[in-house]
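A look at the structure
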Amino acid sequence: MKVISTNIGTPKSFIRNGKEELTGIFKQPILEPLFLETQQVTNDTVIDRVHHAGINKACYLFASNNYPYWKNLYPNLDWNWGMFGENLTIENLDEYSMRIGDIYKIGNALVQVSQPREPCFKLGVRFDNQAVLKQFIDHNRPGTYVRVLEPGSVKTGDAVVLVAQSKNTLTVQQFYALLYAKEKPKNILDLFMSNTSVPQYKKDKYLKYM
């Protein structure tokens with residue numbers, strides 16, 4: 001895996017239910033390296049800090065390999081890297097093999113896979129179509145948030161190197177599928193609850209299924 005693009009957002013306003021709101025999902029590629037801090041990416045726009053940034057969502061990674069699928073669905077959009085609000089567009093990122101808790105070296109930063117991205121209405125704002133939310137869920141390729149264990153700079157072309165693989169085999173895709181499954185498979189739920197890298201606030205919501 002390697003970094004295809006580094007992306008930063010600037011505030012953009014939109015109207016929802018008759019009220020003006022702001023979003024930072026409109027990200028654009030930049031030529032400069034990004035600096036990954038423990039709770040955010042330096043100079044990135046984060047409007048809703050309840051659901052974005054913070055220890056468990058410091059930086060968002062999305063696969064460049066997914067772009068052809070979405071370009072086919074939305075050919076009339078003005079396409080560029082960062083379309084999904086990702087800070088880092090990664091070549092060959094694979095949610096089906098990447099495990100929650102895996103630790104990677106990216107540039108000078110050390111990061112740990114924490115949780116998949118769950119789409120909200122602002123992705124619909126970005127695509128000018130709220131139908132994209134269900135399409136995103138169904139596609140099962142959500143990208144992943146990471147914790148920043150060691151802050152550092154990341155630039156286009158940097159390798160994404162696996163430093164330590166989680167012994168718990170829960171993958172990003174399994175975590176994501178569990179979120180939307182009507183019936184929670186016991187084997188996946190057990191992996192989810194026993195994985196020390198799954199944020200506790202996510203586990204708390206699933207105690208009722210145990």
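Preceding this section is the structure that the text describes.
Here is a short report on the structure shown in this document. (Residues numbered from 1 in each chain as written. Predicted model: local features only at pLDDT ≥ 70, side-chain atom pairs only at ≥ 80, totals over all residues. Heavy atoms only, no water.)

Let's shift gears to the overall build of the protein. Across its full length, the protein holds six helices and twelve strands. Its C-alpha atoms give the protein a radius of gyration of 17 Å, within 12% of the compact-globule value 17 Å for 210 residues. Along the three orthogonal principal directions, the C-alpha set of the protein runs to about 40 × 40 × 30 Å. Going through the 210 residues of the protein one by one, you find that 50% of them count as buried. (Helix = DSSP H or I, 4+ residues; strand = E, 2+ residues; numbered from the N terminus. Rg over C-alpha atoms; globule rule 2.2 N^0.38 Å. Buried < 20%, exposed > 50% of the residue type's maximum accessible area, 1.4 Å probe, protein only.)

Phi at Asn-43 takes a positive value of approximately 75°, unusual for a residue other than glycine. Positionally, Asn-43 belongs in the loop between β5 (34-36) and β6 (59-63).

Both strand β8 (residues 103-106) and strand β9 (residues 109-116) contribute to a ladder of four bridges, which runs antiparallel. When the bridges of β9 are listed, Ile-103 appears paired with Gln-112. Connecting β8 to the next strand, β9, in antiparallel fashion are two residues, including Gly-107 with a positive phi near 60°. (Pairing = 2+ DSSP bridges.)

Scanning the model with the defined rule gives seven salt bridges in all. Across the salt bridge formed by Lys-27 and Asp-44, the nearest N and O atoms sit 3.0 Å from each other. You can see Lys-27 sitting in strand β4 (residues 27-30) and its partner Asp-44 sitting in the loop between β5 and β6, a full 17 residues away along the chain. Owing to a relative accessible area of 14%, Asp-44 belongs among the buried residues under this scheme. Residues Asp-138 and Lys-134 are paired through a salt bridge, measuring 2.7 Å at the closest nitrogen-oxygen approach. Of this pair, Asp-138 and Lys-134 both sit in helix α3 (residues 132-139), four residues apart, roughly one helical turn. Classification of Asp-138 as exposed rests on a relative accessible area of 51%. Its relative accessible area of 57% is what places Lys-134 among the exposed residues. Connected through salt bridges with shared partners, the residues Asp-94, Glu-95 and Arg-141 form a single ionic network. (Salt bridge = Lys/Arg side-chain N within 4 Å of Asp/Glu carboxyl O.)

Bringing the environment of Pro-29 into the picture now. With respect to the element layout, Pro-29 can be found in strand β4. Residue classification places Pro-29 among the partly exposed residues on the basis of a relative accessible area of 30%. Taking the C-alpha atoms as reference points, Pro-29 and Asn-87, separated by 58 residues in sequence, lie 8.7 Å from one another. In this view, Pro-29 contacts Ser-5, Thr-6, Asn-7, Asn-80 and Trp-81; residues no more than four positions away in its chain are not counted. (Contact = heavy atoms within 4.5 Å.)

A word on helix α4 (residues 172-180). Where α4 is concerned, the buried positions are Val-172, Gln-173, Phe-175, Tyr-176, Leu-178 and Leu-179. Tucked into the core, α4 has its buried residues touching β9, α3, β10 (144-150), α5 (186-194) and α6 (200-204).

Next up on the list: the packing of aromatic side chains. Remark: the centre distance and the inter-plane angle together describe each pair of aromatic rings, the angle taken between the planes. One pass over the structure, following the stated rule, counts 20 aromatic pairs. Here Phe-62 and Phe-136 contribute two aromatic rings whose centre-to-centre distance is 6.3 Å and whose plane-to-plane angle is 20°, an arrangement assigned as stacked. On the criterion of sequence distance, the pair formed by Phe-62 in strand β6 and Phe-136 in helix α3 is long-range, its members being 74 residues apart. A network of ring pairs unites the aromatic residues Tyr-60, Phe-62, Tyr-67, Tyr-69, Trp-70, Tyr-74, Trp-79, Trp-81, Phe-84, Phe-127, Phe-136 and Tyr-145 as a single cluster. The lysine or arginine in question, Lys-12, covers the ring of Phe-26, its NZ or CZ lying 5.2 Å from the ring centre. Seen from the ring of Phe-121, Arg-16 lies directly overhead, with NZ or CZ sitting 3.6 Å from the centre. (Phe/Tyr/Trp six-rings, centres within 6.5 Å; stacked < 30°, edge-to-face > 60°. Lys NZ or Arg CZ within 6 Å of the ring centre and 35° of its normal.)

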